[in-house]
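# Residue-level structural notes
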Amino acid sequence: MTSYGAAGRRAPWVLLLVLATLGTTTPARTAAGGRRIDARVVRVSDGDTLVARLATVTPGLQNEEKVRLVGIDCPETGQAPWGSRAAARLTTIVLHRPVILELAIQARDRYGRLLAGVYLADGTTLVQELLVREGFCRTLIIPPNVDYIEQLRGAKTEAQRAERGIWARSGGLTENPAEHRHR
């Protein structure tokens, strides 16, 4: 239903509402069906987990959220030397920098962490893909969160062929992160 003023024009408040909405909506928050959120990384916990301060808090989200990078599994901190290397690389890439979180279809894991694709501020560079391509972590695709499956598999294949990082013949990862956690 459209609201019109006495002379048959749209009421001025409708125009103001539209202009106000346009002025506050950024492409990051409107892309991907409203699943993208601007944030700044305030801490890195390990190679695939960080804490981000959200620019806009919406229902169901906190000002600061622990975020699990969906689609990857990095060595654990105790898996020397690769756990600390993965955490250091993630720190170099994102700490104290703006990022864009793209919420996964299943937005939380069993530990309450937010599950998201993490993009650099350019909106096109997927942090998970960088980490996989550079050999710091494996892919870990858990349905229904399959958004990045093709690009992550391609990055993994590239890292394996080049024997980068955890895929190196000498000094590579000898136990996958899941096996390490079970021990």
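You'll find the structure just up there.
Here the structure is a predicted model, which is why all the values come from computation and not from measurement. (Residues numbered from 1 in each chain as written. Predicted model: local features only at pLDDT ≥ 70, side-chain atom pairs only at ≥ 80, totals over all residues. Heavy atoms only, no water.)

Here we come to the side chain of T49. Position of T49 relative to the elements: it lies in strand 2 (residues 49–54). One polar contact links T49 to D48, side chain to side chain, over a distance of 3.2 Å. Once residues within four sequence positions are removed from consideration, T49 is found in contact with V44, K66, V67, R68, L69, L90 and R113. (Helix = DSSP H or I, 4+ residues; strand = E, 2+ residues; numbered from the N terminus. Polar contact = N/O pair within 3.5 Å; in protein donor to acceptor, adjacent residues only side chain to side chain. Contact = heavy atoms within 4.5 Å.)

Tallied over the full model, the rule gives 12 salt bridges. For E65, the salt bridge identified is with R108, shortest N-O distance 2.9 Å. You can see E65 sitting in strand 3 (residues 64–69) and its partner R108 sitting in strand 5 (residues 98–108), a full 43 residues away along the chain. Take E65: its relative accessible area is 4%, and that puts it in the buried class. Residue classification places R108 among the partly exposed positions, given a relative accessible area of 27%. For E134, the salt bridge is made with R89, and the minimal N-O distance between the two is 2.6 Å. Taken together, the residues span a long stretch of sequence, with E134 in the loop between helix 4 (127–133) and strand 7 (138–140) and R89 in helix 3 (residues 82–94) at a distance of 45 residues. The class of E134 is partly exposed, set by a relative accessible area of 26%. For R89, a relative accessible area of 24% puts it in the partly exposed group. The network of salt bridges with shared partners includes E129, R133, E158 and R164. (Salt bridge = Lys/Arg side-chain N within 4 Å of Asp/Glu carboxyl O. Buried < 20%, exposed > 50% of the residue type's maximum accessible area, 1.4 Å probe, protein only.)

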